[in-house]
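Descriptive structure summary
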Amino acid sequence: MMTTVVLAAMLVVVWLAATYRENGSRAILLPDQVMTLFPDPKPLTAFAFTDHENRAFDLSRLKGKWSFLFFGYTHCPDICPTTLATLARAHENIVKSTVGAKDVQFVFISVDPNRDTAGKLGQYVSYFDATFLGVTGDNAQLGKLAGQLGAAYEVAITPGMENYPVYHTAAVFLVDPRARYHAVFAPPLDAEGISRRFNVLRELEGPKAT
Amino acid sequence: MRWRHPVFVGLILALTPIAAATEEAGVSARDAWLRETPPGVAVMAGYMLLQNNTSRPQVLVAARSSGFETVVIHRTIVKGGMIGMGHAPQIELLPNARLLFAPGGHHLMLLNPKRALRAGDRVDIHLEFRGGLVLPVAFEVRK
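Summarised in this report is the structure supplied together with it.

Residues and elements named next belong to chain A. Taken in spatial order, the 8 strands line up as 1-10-9-4-5-6-2-3 in an open sheet, and their pairing is mixed. Each edge of the sheet is formed by a strand with only one pairing partner; in this case those strands are strand 1 (35-43) and strand 3 (56-58). Mean inter-strand twist for the sheet, computed between neighbouring axes without regard to direction, equals 30°. The sheet contacts of helix 2 (residues 79-96) involve strand 4 (66-72), strand 5 (104-110) and strand 9 (172-175), and relative to strand 4 the element is tilted by about 170°. Those strands touched by helix 3 (residues 118-128) are strand 2 (48-51), strand 5 and strand 6 (133-136), and its axis lies near 150° from that of strand 6.

Have a look at this one:
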């Protein structure tokens with residue numbers, strides 16, 4: 001009799017804990033100003049970039065990992081370094097999570113291939129985080145991926161002008177391990193806001209995302 | 001009389017130049033910093049908190065530094081869902097108001113540093129206001 005009561009009480013506690021946890025997770029993932037989550041993630045189609053080690057970076061490189069994508073250029077003094085420093089801290093937080101960061105990659109996509117060579121990109125991204133990837137491609141290829149993500153950019157190359165203006169979206173795009181556009185983080189970005197939501201999303205998606 | 005006490009006189013004498021300097025300065029800056037850049041990058045951004053201590057508007061019209069080839073007053077702007085940078089030819093500080101230069105907003109864009117700057121280094125930048133007021137500000141390089 002006593003055993004049954006104790007067992008029942010334990011089950012209630014477990015159930016309560018599970019419910020609380022699930023509600024907690026849901027609450028965190030309710031639509032908010034930081035992360036927009038797509039209920040029906042869109043599969044991305046082919047594009048061809050080159051990474052900072054001169055290896056091909058195409059759709060296959062987005063498979064099997066969660067990818068955080070950010071568009072920018074290395075001559076950008078304000079938003080790009082601010083965002084990459086924030087993403088480096090978010091990455092650190094994800095590394096410290098129970099699941100770790102083995103299934104996560106951060107990709108800086110330069111929209112300024114004219115100035116951002118592979119060598120420059122490598123120096124640039126590894127300053128923020130040794131695991132970050134720098135990639136770029138020609139205008140047509142950049143347009144292919146940017147278009148699918150709704151990531152607008154504009155490079156106003158002016159002959160003879162050393163510092164021409166570049167406009168780009170400040171959002172960070174999250175692509176899931178099936179290479180589907182899954183979520184987007186809107187600025188102003190903060191590391192904890194990103195890593196906390198990502199950890200919950202990854203846990204909820206679990207194996208079905210891979 | 002009591003106020004003729006040497007300590008009091010000394011205090012008044014000591015405080016006078018400070019008060020005069022503040023009134024003369026008109027504008028003060030604090031928490032001035034430059035973001036350290038990755039190797040090979042010749043563009044930096046500077047941030048600070050500017051305070052107008054006067055009861056008149058003060059207009060920042062230029063910034064100069066012997067540590068850089070060019071310094072431009074900039075503002076990160078939003079254009080059709082994209083962000084970019086715009087040159088801000090002048091920035092007005094309202095009377096007795098503060099203006100924050102921070103990531104994603106107003107900043108100084110510094111081009112081609114004369115030497116590589118690393119976290120902990122200091123660089124002087126002169127802020128020039130309309131009417132001839134020049135405010136030297138020491139910026140600290142931070143990660």
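Residues and elements named next belong to chain B. Burial along strand 9 (residues 122-129) is one-sided: Val-123, Ile-125, Leu-127 and Phe-129 are buried, and none of Arg-122, Asp-124, His-126 and Glu-128, which face the opposite way, are. The pairing of strand 3 (residues 58-64) with strand 9 spans 4 bridges and is antiparallel. Note that in strand 9 the partner of Ala-63 across the bridge is Leu-127. Two successive antiparallel strands, strand 9 and strand 10 (residues 134-142), enclose a turn made up of 4 residues, where Gly-131 displays a positive phi of approximately 100°.

Across the junction of Pro187(A) and Pro188(A), the peptide omega takes the value 0°, indicating a cis bond. Mapped onto the elements of the fold, Pro188(A) is located in the loop between strand 10 (180-185) and helix 5 (191-205). We note that Asn96(B) has phi near 55°; this positive angle belongs to a residue other than glycine. Secondary-structure assignment places Asn96(B) in the loop between strand 6 (91-93) and strand 7 (98-101). On the basis of neighbour counts, which here come to 11 C-beta atoms within 10 Å, the residue Asn96(B) falls in the exposed class.

Basis of the calculations
- Residues numbered from 1 in each chain as written.
- Chains lettered and ligands numbered in written order.
- Predicted model: local features only at pLDDT ≥ 70, side-chain atom pairs only at ≥ 80, totals over all residues.
- Pairing = 2+ DSSP bridges.
- Helix = DSSP H or I, 4+ residues; strand = E, 2+ residues; numbered from the N terminus.
- Axes fitted to C-alpha atoms, helices over the stretch in contact; angles between N-to-C directions.
- Contact = placed C-beta atoms within 7 Å.
- Buried ≥ 20, exposed ≤ 12 C-beta atoms within 10 Å, placed from the backbone.

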